[in-house]
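Survey of secondary and tertiary structure
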Amino acid sequence: MGAGAAATARFFFPNVIYEPSQKFNAGSAKSYEVGIVDTRWLIEQRLWVVRTPQGFYALWARCTHLGCTPNWFADQNRFRCPCHGSNYDLGGDVIAGPAPRALWRTKIELATTGDLMIDKAVLEDRPGLREKEPYFLPFTA
């Protein structure tokens, strides 16, 4: 009877995993150079921020094949996965290898302070949708 009461009491206190927020401040939008894949968030947040002449997008640095972290090779203008050889172009599209899908784009917004706010909990990889807001942030300055 005591074990049954303990099990019932334990039911009311579930195991909860407390994780940090997936939304973070990526700094001032003006601090990012046009045409550069910015790697400052690769270690801490596992993503790249890309600024084009038209605006910004952020790519989650997770290969869609088996989840390894690809590397950016500026001289080849591509992301390459070291695990099984998947290659992605600047937009995250698969150009070689076993990866079945494009890299995920994350939600990106401009705060009233001029900072980029990135939310890794909101992802998109479908062509036609990922090139629009909130996965692409129009910005010229």
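Above this text you will find the structure in question.
Described in the following lines is the structure provided in the data block. All values derive from a computational prediction rather than experimental measurement.

**Let's talk about the side chain of Arg130**
You can see Arg130 is positioned in the loop between strand E10 (115-124) and strand E11 (137-138). Its relative accessible area of 2% is what places Arg130 among the buried residues. There is a polar contact of 3.1 Å between the side chain of Arg130 and the side chain of Glu131. With residues near it in sequence (within four places) discarded, Arg130 still touches Gly91, Asp93, Ala102, Leu103, Arg105, Glu124, Asp125, Tyr135 and Phe136.

**With respect to the environment of Thr52**
With respect to the helices and strands, Thr52 occurs in the loop between strand E3 (47-51) and strand E4 (55-60). For the pair Thr52 and Val34, spaced 18 residues apart in sequence, the C-alpha to C-alpha distance is 5.3 Å. If near-sequence neighbours (up to four positions away) are discounted, Thr52 is found in contact with Val34, Tyr57 and Phe136.

**What to know about the environment of Leu103**
Along the polypeptide, Leu103 turns up in the loop between strand E8 (94-96) and strand E9 (105-110). Sequence-wise, Leu103 and Asp89 are 14 residues apart; in three dimensions their C-alpha atoms are separated by 9.5 Å. Setting aside residues no more than four positions away along its own chain, Leu103 makes contact with Trp48, Leu59, Trp60, Arg62, Cys63, Thr64, Phe79, Tyr88, Gly92, Glu124, Asp125 and Arg130.

**As for the nonpolar core**
In terms of nonpolar packing, the biggest core is built from 16 residues, with Val37, Trp48, Leu59, Phe79, Tyr88 and Leu103 touching the most fellow members. Of all the elements in the fold, those that place two or more residues in this core are E3 and E4. Ala26, Ala29, Ile118 and Leu137 belong to the second-largest nonpolar core, a separate cluster that totals 14 residues.

**Section: a nonpolar patch on the surface**
Taken together, Phe11, Phe12 and Phe13 make up a surface patch of nonpolar side chains, about 430 Å² in accessible area. With respect to the helices and strands, the residue Phe12 is situated in the loop between helix H1 (2-11) and strand E1 (23-28). On the basis of relative accessible area, Phe12 is assigned to the exposed category, the value being 59%.

**Some details on the environment of Gly85**
As for its position among the elements, Gly85 is in the loop between strand E6 (78-80) and strand E7 (87-88). Overall, Gly85 belongs to the partly exposed group, its relative accessible area being 34%. Expressed as a C-alpha distance, the spacing of Gly85 and Cys63, which sit 22 residues apart in the sequence, is 10.0 Å. Filtering out sequence-adjacent residues up to four positions away, Gly85 remains in contact with Ala96, Gly97 and Pro98.

**Points about the state of the cysteines**
In the structure shown here, the tally under the stated rule is one disulfide. There is a disulfide in this structure between Cys68 and Cys83, and the S-S distance comes to 2.0 Å. One disulfide, between Cys68 and Cys83, carries an S-S torsion of -110° and so falls in the left-handed class. In this pair, Cys68 sits in the loop between E4 and strand E5 (71-73) while Cys83 sits in the loop between E6 and E7, placing the two residues 15 residues apart along the sequence. The cysteine Cys63 is free of any disulfide, with Cys81 supplying the nearest cysteine sulfur at 3.8 Å. Here Cys63 falls in the buried class, since its relative accessible area comes to 2%.

What counts as what
- Residues numbered from 1 in each chain as written.
- Predicted model: local features only at pLDDT ≥ 70, side-chain atom pairs only at ≥ 80, totals over all residues.
- Heavy atoms only, no water.
- Helix = DSSP H or I, 4+ residues; strand = E, 2+ residues; numbered from the N terminus.
- Buried < 20%, exposed > 50% of the residue type's maximum accessible area, 1.4 Å probe, protein only.
- Polar contact = N/O pair within 3.5 Å; in protein donor to acceptor, adjacent residues only side chain to side chain.
- Contact = heavy atoms within 4.5 Å.
- Core = buried A, V, L, I, M, F, W, Y, C linked by side-chain atoms within 4.5 Å.
- Patch = residues over 30% accessible without salt bridge, like charges linked within 9 Å, V, L, I, M, F, W, Y side chains within 5 Å.
- Areas by Shrake-Rupley, 256 points an atom, 1.4 Å probe, with all protein chains shown as cover.
- Salt bridge = Lys/Arg side-chain N within 4 Å of Asp/Glu carboxyl O.
- Disulfide = S-S within 2.5 Å.

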